[in-house]
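Summary of the model geometry
Chain by chain, the residues:
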Amino acid sequence: MEFDVVVVGAGPAGSVAAWAAAEAGCDVLVLERKAEVGVPKQCAEGISAHGLEHAGIEPQDEWIATEISRALIYAPNGKEFEVPGDGYVLERRVFDKWLVVRAVEAGAEVKLLARARRALVDDGRVVGVEYEGVDGVHEVRARVTIAADGIESRIGRTAGLVPPLKPTEICTCAQYEMIGVDVEEDATHFFVDAEFFPGGYFWIFPKGEGRANVGVGIRGSESEPGDALKVLNRALEDHELISEAVAEAVPVEVNVGGVPVCGPVGRTYGDGILVVGDAARQVNPVTGGGLHTSLVCGRIAGEVAAEAIEEDDTSATFLKQYQDQWKEEFGRMFKYTLKASKILSEMSNEELNALAEALDREDILRLVKGEGVVKVAKKVIARKPSLLKYAKHLMK
Ligand SMILES: Cc1cc2nc3c(=O)[nH]c(=O)nc-3n(C[C@H](O)[C@H](O)[C@H](O)COP(=O)(O)OP(=O)(O)OC[C@H]3O[C@@H](n4cnc5c(N)ncnc54)[C@H](O)[C@@H]3O)c2cc1C
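So, how was this worked out
- Residues numbered from 1 in each chain as written.
- Predicted model: local features only at pLDDT ≥ 70, side-chain atom pairs only at ≥ 80, totals over all residues.
- Heavy atoms only, no water.
- Helix = DSSP H or I, 4+ residues; strand = E, 2+ residues; numbered from the N terminus.
- Rg over C-alpha atoms; globule rule 2.2 N^0.38 Å.
- Buried < 20%, exposed > 50% of the residue type's maximum accessible area, 1.4 Å probe, protein only.
- Contact = heavy atoms within 4.5 Å.
- Areas by Shrake-Rupley, 256 points an atom, 1.4 Å probe, with all protein chains shown as cover.
- Lys, Arg positive; Asp, Glu negative; His and termini not counted.
- Charge placed at Lys NZ, Arg CZ, Asp CG, Glu CD.
- Axes fitted to C-alpha atoms, helices over the stretch in contact; angles between N-to-C directions.
- Parallel < 35°, antiparallel > 145°, perpendicular 65-115°, else oblique.
- Left-handed = near helix turned anticlockwise from the far one by under 90°.
- Nonpolar A, V, L, I, M, F, W, Y, C, P; charged D, E, K, R; others polar.
- Pairing = 2+ DSSP bridges.
- Phe/Tyr/Trp six-rings, centres within 6.5 Å; stacked < 30°, edge-to-face > 60°.
- Lys NZ or Arg CZ within 6 Å of the ring centre and 35° of its normal.
- Arc of directions from axis to C-beta.
- Core = buried A, V, L, I, M, F, W, Y, C linked by side-chain atoms within 4.5 Å.
- Salt bridge = Lys/Arg side-chain N within 4 Å of Asp/Glu carboxyl O.

Our next topic: the overall build of the chain. Assigned secondary structure in the chain consists of twelve helices and 16 strands. Here the C-alpha atoms of the chain give a radius of gyration of 21 Å, agreeing with the 21 Å that 2.2 N^0.38 yields for 396 residues. With respect to the three principal axes, the spread of C-alpha positions in the chain is 60 × 45 × 40 Å. Out of the 396 residues belonging to the chain, those deemed buried represent 55%. Here the contacts in the chain between residues at least 6 apart in sequence split such that 69% fall between residues at least 24 apart. In the form shown here, the chain has an accessible surface area of approximately 17000 Å², with 48% of it arising from carbon and sulfur atoms. Averaging the positions of the 44 positive and the 64 negative side-chain charges in the chain gives two centres separated by 7 Å.

For the rest of this paragraph, the subject is the packing of helix α10 (residues 361–369) against helix α11 (residues 373–383). It is at 9 Å that the axes of α10 and α11 come closest, and there the two elements cross at 130°. Overall, the two elements α10 and α11 adopt an arrangement that is oblique. As α10 packs across α11, the resulting crossing turns out to be left-handed. Within the contact between the two elements, α10 uses Asp363, Arg366 and Leu367 and α11 uses Val373, Lys375, Val376 and Lys379. Partitioning the contact of α10 with α11 into residue classes produces three nonpolar, no polar and four charged.

Our next topic: the sheet that holds strand β14 (residues 250–260). Hydrogen bonds between backbone groups are what pair the strands of a sheet, and the pairing can be parallel or antiparallel. If you trace the eight strands from one edge of the open sheet to the other, you get β3-β5-β4-β11-β12-β13-β10-β14, paired in mixed fashion. Pairing within the sheet leaves two strands with one partner each, and these edge strands are β3 (46–48) and β14. Across the sheet, the mean angle from the axis of one strand to that of its neighbour is 30°, orientation sign disregarded. Examined bridge by bridge, strand β4 (residues 64–74) and strand β11 (residues 187–191) share five bridges and lie parallel to one another. Bridge pairing links leucine 72 to histidine 189 in β11.

Okay, the packing of aromatic side chains next. The full count for this structure, using the stated rule, is twelve aromatic pairs. A ring pair is formed by phenylalanine 330 and phenylalanine 334, whose centres lie 6.1 Å apart and whose planes are at 55°; its orientation type is tilted. One end of the pair, phenylalanine 330, and the other, phenylalanine 334, are both in helix α8 (residues 316–346), four residues apart, so they sit about a helical turn from each other. According to the relative accessible area criterion, phenylalanine 330 is buried, its value standing at 3%. Taken together, Tyr74, Phe191, Phe196, Phe197 and Phe202 form an aromatic cluster joined through their ring pairs. Directly above the ring of tryptophan 98 sits arginine 102, whose terminal nitrogen or CZ lies 4.5 Å from the centroid.

It is worth spelling out unusual backbone geometry at this point. Between valine 39 and the following residue, proline 40, the backbone shows a cis peptide bond with an omega angle of -5°. In this structure, proline 40 sits in the loop between β2 (28–31) and β3. Residue aspartate 123 is not a glycine yet carries a positive backbone phi of 55°. Mapped onto the secondary structure, aspartate 123 falls in the loop between β7 (115–122) and β8 (125–133). For glutamate 209, which is not glycine, the phi torsion reads 50° and is therefore positive. With respect to the element layout, glutamate 209 can be found in the loop between β12 (201–208) and β13 (211–219).

If you check which residues of helix α12 (residues 388–395) are buried, you get Tyr390, Ala391 and Leu394. Relative to the axis of α12, the buried residues are bounded by an arc of 95° and lie together on one face. When the buried face of α12 is taken as reference, the exposed residues oriented beyond 90 degrees from it are Lys389 and Lys392. For α12, the elements touching its buried residues are α8, α9 (349–358), α10 and α11.

In this section: the nonpolar core. Within soluble globular proteins, side chains that are nonpolar generally end up buried alongside one another. One finds Val5, Val28, Ile146, Leu274, Leu295 and Tyr322 to be the most contacted residues of the largest nonpolar core, which totals 54 residues. Secondary-structure elements contributing two or more residues to this core are β1 (2–8), α1 (12–23), β2, β5 (80–90), α3 (92–105), β9 (136–147), α7 (291–310) and α8. At eleven residues, the largest contribution of residues to this core is made by α7. Discounting chain neighbours no more than four positions away, the residues touching isoleucine 146 are Val5, Val6, Val7, Val8, Ala17, Leu274, Val276, Ala301, Gly302 and Ala305. Judged by nonpolar contacts, the second largest core, of 37 residues, contains Val89, Cys173, Tyr201 and Val380.

The final tally for this structure, using the stated rule, is 32 salt bridges. Between arginine 102 and glutamate 105 there is a salt bridge, with the nearest N and O atoms lying 3.1 Å from each other. Taken together, the residues span about one helical turn, with arginine 102 and glutamate 105 both in helix α3 at a distance of three residues. Given a relative accessible area of 17%, arginine 102 falls into the buried group. Between glutamate 357 and lysine 384 there is a salt bridge whose closest N-O contact spans 2.9 Å. Taken together, the residues span a long stretch of sequence, with glutamate 357 in helix α9 and lysine 384 in the loop between α11 and α12 at a distance of 27 residues. Taken together, the shared-partner salt bridges connect Lys41, Glu45, Glu91, Arg93, Glu177, Lys207, Arg211 and Glu253 into one network.

Shown next as structure tokens:
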């Protein structure tokens with residue numbers, strides 16, 4: 001089998017990349033190991049309105065569970081911050097399918113139950129992948145391979161671009177979708193507490209009529225396998241604010257998964273290959289959000305792959321444009337949110353409470369977006385000199 005572009009993974013990054021490349025006239029094959037795109041979801045399903053707009057995706061009623069107008073962030077001592085901002089909680093099972101259908105309508109072919117096993121490397125360049133389908137093992141050759149195969153990224157690894165994740169670089173997550181959750185439904189809710197949720201946070205993202213994604217992410221270095229689910233259950237019982245919100249709630253779904261919080265890999269391109277989305281660790285390390293970045297980087301990857309085919313140059317030198325373009329969009333954000341995430345994950349509850357006293361909602365937004373963080377650092381030094389060592393690190 002021979003294609004212009006083979007995309008591994010029909011998550012948001014892969015489907016958007018396939019959509020863009022097919023729309024530009026390429027022959028595209030998408031390989032997806034699952035039987036059903038978007039299922040099971042491994043996501044709290046939140047995205048900002050700006051994120052969708054930036055990706056050029058028009059919001060559709062069919063995949064929006066609820067609209068959000070603000071985030072409420074709770075410090076360990078219960079102090080509440082309201083950060084205004086429009087966004088959505090999605091239905092990923094519908095959203096992911098909608099995206100892959102866009103790729104198919106643009107001309108891409110999709111193979112389900114097709115697990116890519118390794119990148120085919122010929123004289124240092126990637127020339128396609130080997131995959132295992134329902135009818136055995138096959139090779140598919142392509143001029144450009146796009147590894148959009150999520151956090152494990154077998155293809156990124158076997159192509160030599162994606163190193164293994166260290167426990168400090170990952171948040172392990174556990175989530176229930178629950179019914180009967182009692183929270184304000186126009187807001188996403190974030191609970192920070194270094195003792196309950198070391199190196200991470202707890203969230204409640206409402207989906208309307210009492211339904212919500214209720215989950216937690218904790219730093220891999222602070223936990224053993226299976227701990228995230230225990231922490232989730234403990235918080236539902238013992239955390240004052242959370243236990244109140246879920247007192248009458250019942251889980252209808254369990255979701256587990258990992259989020260890379262180390263910032264993008266150093267090189268997301270090579271001869272004949274691009275790496276995108278969670279595979280490239282294009283995730284905001286403060287929030288663990290990867291939808292906005294996956295969608296935008298996926299589109300850039302698909303467009304650059306199509307230009308490479310058109311120009312008949314799929315060398316690393318040509319494909320580097322992809323990395324240049326996504327860095328233009330997100331380079332600064334990744335740099336500063338990585339610093340902020342490291343600092344936040346080291347703080348004790350006392351320090352987090354002090355930070356909460358020093359900051360206002362605009363500062364929180366700056367930390368989350370990685371914009372104007374030096375300004376935030378200066379304010380922290382002026383208001384809470386005890387946090388000097390953290391603020392200095394942010395300014396470097
Ligand atoms: C619990 C949790 C909550 C989250 N909440 C949010 C949130 O609220 N907002 C947000 O923005 N982000 C959130 N994220 C992160 C977000 O889900 C990811 O960043 C996003 O899904 C990345 O998209 P992707 O296409 O890169 O990867 P994925 O969505 O992981 O898609 C990768 C696809 O590749 C397929 N695949 C993997 N290996 C192979 C293979 N070898 N062969 C073929 N197919 C393969 C997988 O089956 C999958 O379909 C959350 C993550 C977790 C774990």
